Amino acid sequence: MTTPTAELAAFLRTRRERLNPRDFGLPPRRRTPGLRREDVAALAGISVDYVVRLEQARGLRPSADVVEALAGALRLAPDERAYLFDLTRQRPRDDGELATTATPPLAGLVTDLSPLPAMLLNHRYDVLAWNPEMARLLVDFGTLPPARRNAMWLCLAHPRVREFYVDRETVVREGIAHLRAAWAAHPDDRALTGLIRELTTGNAEFARLWAGQDVKVNGRGRKVVRHPEAGVLTLQFETLRPVQDPDQLLVIHRAADEESQAALDRLTRAAAPASAPTP
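As the structure is a prediction and not an experimental result, all values here were calculated from the model.

**Overview of helix H13 (residues 258-269)**
Logical step 1: Counted at 1.5 Å a residue, the expected span for H13 with its 12 residues is 16 Å, and the 17 Å between its end C-alpha atoms agrees.
Logical step 2: Within the span of H13, buried status applies to Ser260, Ala263, Leu264 and Leu267. Angular distribution of buried residues about the axis of H13 spans 100 degrees; they occupy a single face of the element. H13 presents Glu258 and Arg269 as exposed residues on the side facing more than 90 degrees away from its buried surface.
Logical step 3: In this structure, the buried side of H13 is in contact with helix H7 (132-137), strand E3 (220-227), strand E4 (231-240) and strand E5 (248-255).

**Details of the packing of aromatic side chains**
Given two aromatic rings, their pairing is described by the distance between the two centres and the angle made by the two planes.
Logical step 1: Inspection of the entire model under this criterion finds five aromatic pairs.
Logical step 2: Pairing phenylalanine 164 with tyrosine 165 gives two aromatic rings, centres 5.0 Å apart and planes at 85 degrees, and the pair type is edge-to-face. Of the two residues, phenylalanine 164 and tyrosine 165, neither departs from the other in class, the shared state being buried.
Logical step 3: Three or more aromatic residues link up through ring pairs in this structure, and these residues are Trp183, Phe206 and Trp210.
Logical step 4: For arginine 75, the ring lying beneath its charged end belongs to phenylalanine 24, and the centroid distance is 4.0 Å.

**Side note on the packing of helix H2 (residues 37-44) against helix H3 (residues 48-55)**
Logical step 1: Running from N to C, H2 and H3 point in directions that differ by 115 degrees, and their axes come no closer than 8 Å. Crossing of H2 over H3 shows right-handed handedness. On H3, the residues touching Arg37, Glu38 and Ala41 of H2 are Val48, Val51, Val52 and Glu55.

About the criteria used
Residues numbered from 1 in each chain as written. Predicted model: local features only at pLDDT ≥ 70, side-chain atom pairs only at ≥ 80, totals over all residues. Heavy atoms only, no water. Helix = DSSP H or I, 4+ residues; strand = E, 2+ residues; numbered from the N terminus. Expected span 1.5 Å × (residues − 1). Buried < 20%, exposed > 50% of the residue type's maximum accessible area, 1.4 Å probe, protein only. Arc of directions from axis to C-beta. Contact = heavy atoms within 4.5 Å. Phe/Tyr/Trp six-rings, centres within 6.5 Å; stacked < 30°, edge-to-face > 60°. Lys NZ or Arg CZ within 6 Å of the ring centre and 35° of its normal. Axes fitted to C-alpha atoms, helices over the stretch in contact; angles between N-to-C directions. Left-handed = near helix turned anticlockwise from the far one by under 90°.

And the structure:
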């Protein structure tokens, strides 16, 4: 597991190297990809030496103005820009306690959302609460040890969940990109750091995708899944962040077409035996 300073250096370097000099009116480089450090320094209005020291992880803490200038020079996407601010400790942080259990009103809402499959996560992707439909759709979380009720771990290591997503690599890649953003926002979360260390050292797929430096928080979209009983179905998902409990994420699934709705209805009718979340 790397440090925020080393991560900042690697992130700046990879984002610089992915840029096409032609997009900036510059001649292409023959031997190495991307812009030169001199180019980034000129675009950001800072010294070349400063860029060099940042990329060499030499302990600098750039100001918010410098971070903004670097984000613009590197043409960072919104999620990447937020990640850069987190790495440099320039974004205001939530001083509240990190969520390890479901807030009762939100746990009740998850239940009330039936028959829509729904679950409550924290920023680590720990599953804090779920309804019977969600357990029937993905996995019966109540049969798992609490330490393994983590959506990222399940996708990588659980035999059934590993085969659940048709476009599995995209799902894993997006989950890792979320964890990277969460790690930058919560650098003191030892449980999250431990999870990333465990997966990086013990799972080659995670290690490969983590090294890609992707940062993206995807709260809406479609996923095609392969259920052992219902077959292939397409789901729309929506992720909501409660104002009063910003560390908890409510994920709601809906069928994306009539065939998927029929399959989801069959699962819903069979959802009653699935275990309920434990306190």
